[in-house]
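# Coordinate analysis (summary)
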Amino acid sequence: MPENRPQPDGELTLRTQAMPGDANAAGDIFGGWVMAQMDLASGIRAAERARGRVVTAAVKEMAFAKPMKVGDTLCVYTRVASVGRTSMVLKVEAWAQRYLSDIMEMVTHADFVMVALDAEGRPTPVPPES
Ligand SMILES: CC(=O)SCCNC(=O)CCNC(=O)[C@H](O)C(C)(C)COP(=O)(O)OP(=O)(O)OC[C@H]1O[C@@H](n2cnc3c(N)ncnc32)[C@H](O)[C@@H]1OP(=O)(O)O
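Residues numbered from 1 in each chain as written. Predicted model: local features only at pLDDT ≥ 70, side-chain atom pairs only at ≥ 80, totals over all residues. Heavy atoms only, no water.

Looking up the protein chain in an unreviewed UniProt entry gives the name Acyl-CoA thioesterase, with the organism given as Chelativorans intermedius. Taken from UniProt, the Sequence similarities (unreviewed entry) comment for the protein chain reads in full: "Belongs to the acyl coenzyme A hydrolase family." (UniProt positions renumbered as here; feature names shortened; annotations may be inferred.)

Right, dumping it as C-alpha cells:
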C-alpha cells in the first residue's frame, strides 16, 4: 500500500474472500456477511484477550462507506481499545483488498462490546493482560 493512503488500525485477525453466494444479484456483497466476519474476528481477538469464552454484547453504530464485490478479499483488523470489569471494547475495521490488486479500501468499522463468560455463561472478570 502506498504510504500516503490511510492505513488499517489494529491487528489483522481474519482474511477471507467474498464469493458469489455472499452477494446480491448485482454482485455487491451483503452487509450482513461483512458484519458476520467482523463478529468472528472480534470473537477471536476478545477470546484471546479474555483467555476464555466471550459473547458479543453490543455493536455500536455501523455504516458502509464502500461496497465489497465478489472476489475481493475481506481483511478484518481488530484492536482491544479498553477493558472494563467483564467487558471489552474492540475497534473493528473491515477492509476490502480489491480483486487481483493490492488496492485496499476500508468498507466499514464499528466498536464491538464483548463480554467474558464463565463456564456457566455468566459474565466473569477479564483477567489482567499476560
Ligand atoms: C441474540 C443473539 O444471539 S446475539 C448474538 C450473540 N450474543 C449473545 O448471545 C449475547 C446475549 N446477551 C447476554 O448473554 C447478556 O446480555 C450479556 C452476557 C452480554 C450481559 O449480561 P448481563 O446480565 O447484562 O451482565 P452485566 O449487566 O453484568 O453486564 C456485563 C458487562 O457487559 C456490559 N454490557 C452489557 N450490555 C451492554 C451494552 N448493550 N452495551 C455496552 N456494554 C454492555 C456491561 O456494562 C458490563 O460491563 P463491565 O463488567 O465491564 O462493567
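Picking up after the structure, the text goes on.
### A word on the site of the ligand
In the vicinity of the ligand there are 13 residues, among which Thr-56, Arg-85, Thr-86, Ser-87 and Val-115 approach most closely. Ser-87 places a polar side-chain atom, nitrogen or oxygen, 2.6 Å from an oxygen atom of the ligand. In isolation the ligand has 990 Å² of accessible area, and contact with the protein removes 39% of it. Elements supplying a minimum of two residues to the shell around the ligand: strand S2 (54-59) and strand S5 (104-116). Element by element, the count of residues in the shell around the ligand is highest for S2, at four residues. (Near = heavy atom within 4 Å. Polar contact = N/O pair within 3.5 Å; in protein donor to acceptor, adjacent residues only side chain to side chain. Areas by Shrake-Rupley, 256 points an atom, 1.4 Å probe, with all protein chains shown as cover. Helix = DSSP H or I, 4+ residues; strand = E, 2+ residues; numbered from the N terminus.)

### Points about the pattern of salt bridges
A complete count under the given rule lists nine salt bridges for this structure. Residue Asp-28 is joined to Lys-69 by a salt bridge in which the shortest nitrogen-to-oxygen separation is 2.6 Å. Taken together, the residues span a long stretch of sequence, with Asp-28 in the loop between strand S1 (11-17) and helix H1 (31-50) and Lys-69 in the loop between S2 and strand S3 (73-83) at a distance of 41 residues. Overall, the relative accessible area of 37% leaves Lys-69 in the partly exposed class. Residue Asp-111 pairs with Lys-91 through a salt bridge whose shortest N-O separation is 3.1 Å. Here Asp-111 is found in strand S5, whereas its partner Lys-91 is found in strand S4 (residues 87-97), with 20 residues between them in sequence. Residue classification places Asp-111 among the partly exposed positions, given a relative accessible area of 23%. Connected via shared salt-bridge partners are Lys-66, Asp-72, Arg-98 and Glu-105. (Salt bridge = Lys/Arg side-chain N within 4 Å of Asp/Glu carboxyl O. Buried < 20%, exposed > 50% of the residue type's maximum accessible area, 1.4 Å probe, protein only.)

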